[in-house]
Amino acid sequence: MLEPRVIRTLEEIVGADNVTTHPTDMLCYSYDATQQSFLPDAVVFPADTAQISLIMKLANVENVPVFPRGAGSGFSGGSLPISGGIVLATARMDQILEIDEENLVARVQPGVVTEQFQIAVEKLGLFYPPDPASLKFSTLGGNAAECAGGPRCVKYGVTKDYIIGLEVVTPQGDIIRTGGATMKGVVGYDLTKLMVGSEGTLGIITELIIKLLPLPEAKKTMLIMFDSIDGAAQAVSAIIRGKIIPTTLEFMDAATIECVRKATDLKVPAAAKAVLIVEVDGEAQMLDRQTSRISEIVQPLGVVETRIAATPAESEELWKVRRSVSASLRNVNPDKFNEDICVPRSKVPDMIRRVDAIAQRYAIPIVNFGHAGDGNIHVNIMVDTKQEGQLEKAQAAIKEVFAAALDFGGTMSGEHGVGNTKAAYIPMELDPAAVAYMQTIKNALDPKNILNPGKILLEQPVELD
Ligand SMILES: Cc1cc2nc3c(=O)[nH]c(=O)nc-3n(C[C@H](O)[C@H](O)[C@H](O)COP(=O)(O)OP(=O)(O)OC[C@H]3O[C@@H](n4cnc5c(N)ncnc54)[C@H](O)[C@@H]3O)c2cc1C
């Protein structure tokens with residue numbers, strides 16, 4: 001519960017219309033895509049950097065935690081107010097400030113929706129590749145804070161590869177600029193890279209400088225169906241081994257196909273036990289050669305059927321199917337746990353086999369889909385947590401999935417981040433000295449643990465004077 005004087009000061013900073021404590025609003029801002037719920041005490045909608053700076057200064061004086069929030073589409077609880085306090089929503093800071101066509105650079109506010117930005121730059125023949133499947137609602141600030149990935153990242157890299165500068169409000173309310181609009185720059189520590197992926201624990205991003213590419217001339221999308229999961233998983237490494245890096249290499253297993261079949265018009269023969277959505281882009285004349293080469297490579301691995309989208313509209317239909325996967329699985333099982341391990345690409349077949357063995361041992365369905373081209377598999381553990389013992393089973397299975405990913409030289413999370421959901425598992429992946437190093441950074445920048453406490457690093461009491 002916030003003191004009335006704190007609410008009054010927040011109203012003075014952002015205007016009374018831009019602060020709410022209404023119970024219905026508190027409920028709306030208590031969720032993200034993990035299905036956890038923690039009620040905040042207030043939600044504020046600042047209009048600019050100066051207001052955010054004042055909010056952070058107030059929070060430090062009053063010892064109130066602040067939780068930055070974009071669209072709240074995170075899969076690891078990053079934006080959730082797990083200890084009450086203030087949710088700071090960036091929805092009003094949604095302007096594209098500049099698209100510099102001469103230098104292929106843009107400046108944006110953090111609340112810009114990812115797809116809106118992509119549409120704006122594509123109108124000018126430019127390209128912003130990172131494309132999380134949530135792009136219709138996620139924000140660029142949230143993408144940067146999570147270092148979001150997406151299907152196209154197999155060829156083009158992830159969000160951190162495109163953020164070259166930032167404006168940030170520090171946990172104590174100072175305003176700093178990191179990096180800049182140049183393609184090179186090595187003066188001082190690389191604070192841009194430190195901020196990107198820090199999940200709103202080290203500062204609030206108030207402006208982003210983004211590198212752009214020329215828009216590829218053409219693209220071609222293929223849907224390749226396989227008679228076994230193993231065949232599809234082996235196809236992923238076979239394509240890469242064949243020295244082709246497609247724009248996307250997305251994987252769906254049979255259970256995923258079944259779920260999306262119920263929710264979309266996707267027509268897939270019963271013999272198809274797994275599919276890959278493969279897209280290539282570049283000069284139009286090169287694309288047929290690339291798709292033929294991919295077909296040749298995968299043919300011996302049990303291909304049931306290959307479809308090639310003939311028009312951009314057909315290609316968009318395929319992508320609609322892919323983007324509907326998460327929601328389709330959630331419709332079938334609202335309690336599912338969605339993990340996003342990432343392994344070296346050559347280990348994808350081994351990882352899929354290991355997940356299958358875990359599913360059989362615990363007798364729980366585990367559904368796999370995701371960005372197989374960069375080894376990033378979304379492992380969905382489909383339990384009904386209302387049934388006795390299911391939650392414990394899911395937790396044990398998750399731990400084994402993480403252990404398997406680490407065994408294969410991978411990581412617990414390729415793009416969804418740690419938030420509060422994976423914080424307890426961090427010691428499985430990082431050695432104690434690395435965790436202590438991170439804690440030292442957090443303590444130095446945020447001595448009162450005001451900004452997004454309890455995320456990434458488990459909340460530890462900090463000695464206050
Ligand atoms: C259907 C669906 C599909 C998805 N597909 C993908 C995918 O393909 N790839 C992928 O990577 N993710 C995916 N996600 C996860 C999610 O969309 C991404 O993590 C996204 O980047 C979150 O953006 P957001 O604006 O919703 O941020 P939020 O969820 O609001 O916040 C995420 C984190 O960023 C912090 N944050 C937000 N704004 C700021 C800011 N301005 N400054 C500092 N910190 C900030 C928050 O505190 C929190 O820790 C998907 C989610 C859904 C629901």
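Residues numbered from 1 in each chain as written. Predicted model: local features only at pLDDT ≥ 70, side-chain atom pairs only at ≥ 80, totals over all residues.

What about the overall build of the chain?
Here's step 1: Helix and strand counts for the chain stand at 16 helices and 18 strands.
Here's step 2: Taken over C-alpha atoms, the radius of gyration comes to 22 Å for the chain, in line with the 23 Å a tight globule of 465 residues would show.
Here's step 3: With the principal axes as the frame, the chain shows a C-alpha extent of 70 × 60 × 45 Å.
Here's step 4: The burial tally for the chain puts 48% of its 465 residues in the buried class. (Helix = DSSP H or I, 4+ residues; strand = E, 2+ residues; numbered from the N terminus. Rg over C-alpha atoms; globule rule 2.2 N^0.38 Å. Buried ≥ 20, exposed ≤ 12 C-beta atoms within 10 Å, placed from the backbone.)

What about the pairing of strand β14 (residues 274–282)?
Here's step 1: With respect to burial, β14 is a largely interior element, eight of its nine residues being buried.
Here's step 2: Pairing analysis gives nine bridges linking strand β12 (residues 218–226) to β14, with the strands arranged antiparallel. Paired with alanine 218 across the bridge in β14 is glycine 282.
Here's step 3: In the sheet, strand β13 (residues 248–253) pairs with β14 via six bridges, with the strands oriented antiparallel. When the sheet's bridge partners are listed, methionine 252 is paired in β14 with valine 275. (Pairing = 2+ DSSP bridges.)

Structural notes on the sheet that holds β12
Here's step 1: Reading across from one edge, β15-β12-β14-β13-β17-β18-β16 is the order of the seven strands in this open sheet, with antiparallel pairing throughout. Bordering the open sheet on either side are β15 (303–308) and β16 (337–342), each of which pairs with just one other strand. On average, each strand axis in the sheet is tilted by 20 degrees relative to the strand beside it, whichever way the strands run.
Here's step 2: Examined bridge by bridge, β13 and strand β17 (residues 366–371) share two bridges and lie antiparallel to one another. Its bridge partner lying in β17, phenylalanine 251 is registered against glycine 370.
Here's step 3: Each of β12, β14 and β15 touches helix α10 (residues 284–298); the most contacted strand, β12, lies at about 15 degrees to it. (Axes fitted to C-alpha atoms, helices over the stretch in contact; angles between N-to-C directions. Contact = placed C-beta atoms within 7 Å.)

With respect to the site of the ligand
Here's step 1: Of all residues adjacent to the ligand, which total 38 residues, the nearest are Gly70, Gly78, Gly141, Gly142 and Gly200.
Here's step 2: At five residues, helix α5 (residues 140–146) tops the list of elements feeding residues into the shell around the ligand.
Here's step 3: Tallied by class, the residues present in the shell around the ligand amount to 13 nonpolar, 19 polar and six charged.
Here's step 4: Shared between two domains, the shell around the ligand takes at least three residues from each, and those domains are domain 1 (4–89) and domain 2 (96–214). (Near = placed C-beta within 6 Å. Nonpolar A, V, L, I, M, F, W, Y, C, P; charged D, E, K, R; others polar. Domains from an automatic or database assignment.)

So, the nonpolar core
Here's step 1: Ranked by size, the top nonpolar core spans 112 residues in total, and within it Val66, Leu88, Ile210, Val275 and Val401 carry the most contacts.
Here's step 2: Excluding its chain neighbours within four sequence positions, the residues that come into contact with valine 401 are Glu339, Ile341, Val355, Ile358 and Val379. (Core = buried A, V, L, I, M, F, W, Y, C linked by C-beta atoms within 7 Å.)

Some details on the sheet that holds strand β9 (residues 175–179)
One key point about sheets: their strands pair by backbone hydrogen bonds, in either a parallel or an antiparallel sense.
Here's step 1: Within the open sheet, the five strands sit side by side as β5-β6-β10-β8-β9. Their pairing is antiparallel. Lying at the two open borders of the sheet, with one neighbouring strand each, are β5 (96–100) and β9. Neighbouring strand axes in the sheet, compared pairwise and without regard to direction, differ in orientation by 10 degrees on average.
Here's step 2: Bridge count between strand β8 (residues 163–169) and strand β10 (residues 204–211): six bridges; the pairing is antiparallel. Among the inter-strand pairings, leucine 166 is bridged to a residue of β10, identified as leucine 208.
Here's step 3: In this fold helix α3 (residues 49–62) packs onto β8, β9 and β10, with an angle of close to 50 degrees to the strand it touches most, β8.
Here's step 4: Of the strands in this sheet, β5 and β6 (105–108) touch helix α4 (residues 114–122), which is tilted by about 35 degrees from β5.

A look at the domain arrangement of the chain
Here's step 1: The domain architecture assigned to the chain consists of domain 1 (4–89), domain 2 (96–214), domain 3 (218–323) and domain 4 (327–407).
Here's step 2: Facing 13 residues of domain 1, the contacting portion of domain 2 comprises 19 residues.
Here's step 3: At six residues, α3 tops the list of elements feeding residues into the side of domain 1 that touches domain 2.
Here's step 4: A breakdown of the residues in the side of domain 1 that touches domain 2 according to their chemical character gives five nonpolar, seven polar and one charged.

Details of the confidence of the model for the chain
Here's step 1: Summing up the model confidence of the chain, the mean pLDDT is 94 and the portion of residues at 70 or higher is 98%.
Here's step 2: Per-residue pLDDT stays below 50 along residues 461–465; that stretch engages in four contacts with residues further than four places along the chain or on separate chains. (pLDDT = per-residue confidence, 0-100.)

Thoughts on α10
Here's step 1: In this model α10 runs 22 Å from its N-terminal to its C-terminal C-alpha over 15 residues, within 8% of the 21 Å that 1.5 Å per residue would give.
Here's step 2: Considered for burial, the residues of α10 that qualify are Thr291, Ile294 and Val298. For α10, the arc enclosing every buried residue in end-on projection is 60 degrees, short of the 170-degree limit, so these residues lie on one face. Those residues of α10 that are exposed and aimed more than 90 degrees away from the buried face are Gln285, Asp288, Arg289, Ser292 and Glu296.
Here's step 3: Buried positions along α10 lie against β12, α8 (229–241), β14 and β15. (Expected span 1.5 Å × (residues − 1). Arc of directions from axis to C-beta.)

Examining the environment of serine 292
Here's step 1: Along the chain, the position of serine 292 falls in helix α10.
Here's step 2: Residue serine 292 is classed as exposed on the basis of its C-beta count, with 10 C-beta atoms lying within 10 Å.
Here's step 3: A sequence separation of 35 residues divides serine 292 from alanine 327, and the C-alpha atoms of the two residues are 33 Å apart.

Quick look at unusual backbone geometry
Excluding glycine, most residues fall at negative phi; most peptide bonds, likewise, are trans.
Here's step 1: Backbone geometry places asparagine 63, a non-glycine residue, at a positive phi of 55 degrees.
Here's step 2: Following the sequence through the fold, asparagine 63 ends up in the loop between α3 and β3 (66–69).
Here's step 3: You will see that isoleucine 456, though not glycine, has its phi angle at about 65 degrees, which is positive.
Here's step 4: Along the chain, isoleucine 456 falls in the segment after α16 (432–445).
Here's step 5: Residue isoleucine 456 is classed as buried on the basis of its C-beta count, with 24 C-beta atoms lying within 10 Å.

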